Structures are given as C-alpha cells and as structure tokens.
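Chain by chain, the residues run as shown.
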Amino acid sequence: MNSPAVPAMRARQRFIDLHGSEPLVAVAPGRVNLVGEHTDYNDGYVLPMGIDLHVAVAFAPRRDGQLRARSVTVEETRQVDLVELSAPGGSEWFDYVAAVAWALADAGEPVGGIDMVIAGNIPIGSGLSSSAALEVSVARALCEVSSVQWDPPKMARLCQRAENQYVGVNCGIMDQYAAAASRAGCALLLDCRDLTVTPVEIPSRASFVVMDTGVRRTLAGSAYNRRRASCEAAVARLRERDPAIRALRDVTPDGLAAAEPLMHPETYSRAKHVVEEMVRPQQLAEALQAGDLETAGRVMNESHASLRDLYEVSSAELEEITELARNTAGCYGARMTGAGFGGCAVALVETDMASSFVGRMQRRYSAPGGESGYCHICVPSDGAKLV
Ligand code: GLA
C-alpha cells in the first residue's frame, strides 16, 4: 500500500515512542514531471503531478524556541536554536529542515519551536523530489505550530528560496509547487512566470509509471547550475538585440534561430531545447484532455530526445530504460523526468496493461548494481496536508 498513511503511521509511532504524546502529522508528496523539463527557471511551463510517495512529519510545538528533528531514515536527531539560523547553511538532510524555518523567519513570519519526527518513502536522489517534499511537509508543520495561514503558492516560493539561498541549489519553482499544491487525479499545467495553474485530469485509461535507473544524481547540483548559467548566457546575448527579452520564455524558435551566429554552439543547443520544450506541457495537456494517448506519448518521446541531444542531461541508464519501456507492450512513450543525470524515467502506459508492464520492466532492466529496477504505478495525489 502506498498512501500518505504509511510514512504518516511510521512518523507518528516513532514520535509517540520518543516523546510519549500524540503528535499532529503533516505530509507532502513527491512529484513526477510529465513534460516541461528545465523550463521552470526560464519562466516557462511545466506539467508535474503529485504522486503517492510521501514525506511525513509528526510534530508538536515546543516553548523554548528550539527546532528539533529526528530522521527515521538516517536515525539521527538534530537540533538548533531558531534565533541562530542564518543563510547559507549546508546541504545535509537537516539543512533542508532548518532552511525552511530560516526562510519563514526571513520573510517576517512568526516561527515557533517544534519537535519533529520525519519519515518518508520517496527514493532519495531519484528525481522524484524527495527534498521538495521534505521542505514542504516541514513548512506545513511549522505553519501549524506558528499559526501561519497555509497558502500553497506562497509557501512553495518560500521553500524554493530556502533551497536556493540556504542549501545553495539554484532550483526552479516546479518541485515545491507540486509538493504544496498538487491535486488528486490531476497533473498541474503551471506557468512558472506568474504561477497561474490549470489542473489537467488524468484519463482513467492512462497510467504514469516511474522507473528508477538505480543511479543517484551525485553531480546533479553543479551540472544543474551550469545548465542554468547557459540559459542566462543565451538570454544576455538575445537581450543585446531586444532588451524586452527577460527570459527564454520570451523567445520564439525563429527569434532564437536568427541569433544562432551570436552564440557559442553549446549555449545555442541549451537554449533551443528550452524554447522548443516550452510548448510541450500545453501539447501534452491537450492530448490527455482529448484522451489521445498516442500524441501524448509522442510528445514525451520528443522531450526525451531533446533532453538527450540538446540539453545533454540523459545518461546511458536513462537511454536503456526508456528504450526498453518504449518496446514493452502497453507503452505510448517514455522520457527521463526531473533534472536528469540518472534518477527516474516516466512512461505513459495503458492502465489495463500497467501491472504487466511493470513486471516486464523489472525482469528486463537491471540497475548497475545488479538489482532489478524499481517501478511504481503513480496515483496522482494531493499536495501537502495534515492527516
Ligand atoms: C529539478 C529542479 C526543478 C526543475 C527540474 C528540471 O527537479 O528542482 O526546479 O528545474 O530539475 O526540470
């Protein structure tokens, strides 16, 4: 069974064992991005979906201004005085927790002391946004003990700031937004410029299966920041001709092609991926709404090819797993999901065939360590909430 109930029960039980009292419990989901990759920090569109893998925080207020957290995953307890928090911090699990308290306080919100026990079932470093789920579930808990109103878009921005400025990963808004504001049964067509959002219902015939390559994204932070820098370099060049351009969002494919001679070939390829990827979330949303799974799968395959050839964030294992998926019965299309360099891919599969698809994939793909690949049929799930 994969529902918020599983990590929530583990966190709650451990809290009772440690503190002898009944806690409140907040949960936030991981996400799978269906298409629109590396577009969020270019003010573009994305199409993520909250999934039925979660981080849960069992918590209770403290009166002494201390933030204390126990991770069930690493079996470690860490504590800090809230007044001592300042950015930048580190990038261990507790830094993600402290970062959120720092960002709330820095935004002028009251932040009260808290005891937390944290449990989760999102594979860490797999591209399913376990870190955003951790940040957002902690934010949900801190808002509760501090009587701050829960405002999902605002809290998503705040958690993104926590990760950018405290942890030092220059991520976009997508993951935190999905963890905060997803809707059961839907993906979110999100405009990352103004945060307008359209829920897109997932037809019952369509299942999204995440497939873990088993390769963890160790270098993702620095390579990710380099991709961002390439996009900024492209914008700087384009602005020399048209100062109205603020981001790659403002550039058409023709406008970019005209500027090709001005750019380093690598910068041009990166920008070309982003400009062409911008329209795919809308295309996939329309195909899903029309129940046209062939077109939906084609859009996913095109996105994957562009991420491999132009943005260069795929890997040998991601190539293998997506190719196997496309050649397995019931699959309409497959692509890497998230930042890339390892982690997970996602396949669009006919719901009636999803279980047999998973069985076949697990037999056919083995991770570099030799174990069979982890696959999960996603249930589109709600964003952060108290349970
Ligand atoms: C990571 C980041 C997101 C987004 C994706 C790529 O998941 O956290 O903001 O940029 O990579 O689409």
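Residues numbered from 1 in each chain as written. Predicted model: local features only at pLDDT ≥ 70, side-chain atom pairs only at ≥ 80, totals over all residues. Heavy atoms only, no water.

## Details of the side chain of His-38
- In this structure, His-38 sits in the loop between strand S1 (24–33) and strand S2 (45–46).
- Here His-38 falls in the buried class, since its relative accessible area comes to 4%.
- Polar contacts involving the side chain of His-38 include one to the main-chain carbonyl oxygen of Ala-339, which spans 2.9 Å.
- Once residues within four sequence positions are removed from consideration, His-38 is found in contact with Tyr-224, His-273, Val-274, Leu-307, Tyr-311, Val-313, Gly-338 and Ala-339. (Helix = DSSP H or I, 4+ residues; strand = E, 2+ residues; numbered from the N terminus. Buried < 20%, exposed > 50% of the residue type's maximum accessible area, 1.4 Å probe, protein only. Polar contact = N/O pair within 3.5 Å; in protein donor to acceptor, adjacent residues only side chain to side chain. Contact = heavy atoms within 4.5 Å.)

## Notes on the domain arrangement of the protein chain
- For the protein chain, the assigned domains are domain 1 (5–199) and domain 2 (224–277).
- Once you take the C-alpha centre of each, domain 1 and domain 2 turn out to be 32 Å apart.
- Each side of the interface is counted separately: domain 1 has 17 residues, and domain 2 has 13 residues.
- Note on domain 1 versus domain 2: buried area summed over both sides is about 1,300 Å², and carbon and sulfur give 47% of it. (Domains from an automatic or database assignment. Buried area = accessible area lost by both parts, 1.4 Å probe.)

## Details of the nonpolar core
- In terms of nonpolar packing, the biggest core is built from 82 residues, with Leu-34, Leu-67, Val-97, Met-116 and Ile-118 touching the most fellow members.
- With 11 residues, helix H2 (residues 93–106) is the single largest residue contributor to this core.
- Each residue touching Ile-118, except ones within four places of it in the same chain, is listed here: Val-55, Ala-56, Val-57, Ala-69, Arg-70, Ser-71, Val-72, Thr-73, Trp-93, Val-97, Leu-134 and Val-138.
- Cys-231, Met-278, Val-313 and Ala-334 belong to the second-largest nonpolar core, a separate cluster that totals 41 residues. (Core = buried A, V, L, I, M, F, W, Y, C linked by side-chain atoms within 4.5 Å.)

## What about the sheet that holds strand S9 (residues 206–212)?
- Taken in spatial order, the four strands make up an open sheet running S10-S11-S9-S12, and their pairing is antiparallel. Edge positions in the sheet fall to strand S10 (331–336) and strand S12 (375–377), since each of these pairs with one other strand and no more. Across the sheet, the mean angle from the axis of one strand to that of its neighbour is 20°, orientation sign disregarded.
- Direction of pairing for S10 relative to strand S11 (residues 344–350): antiparallel, over a ladder of five bridges. Bridge pairing links Gly-333 to Leu-348 in S11. (Pairing = 2+ DSSP bridges. Axes fitted to C-alpha atoms, helices over the stretch in contact; angles between N-to-C directions.)

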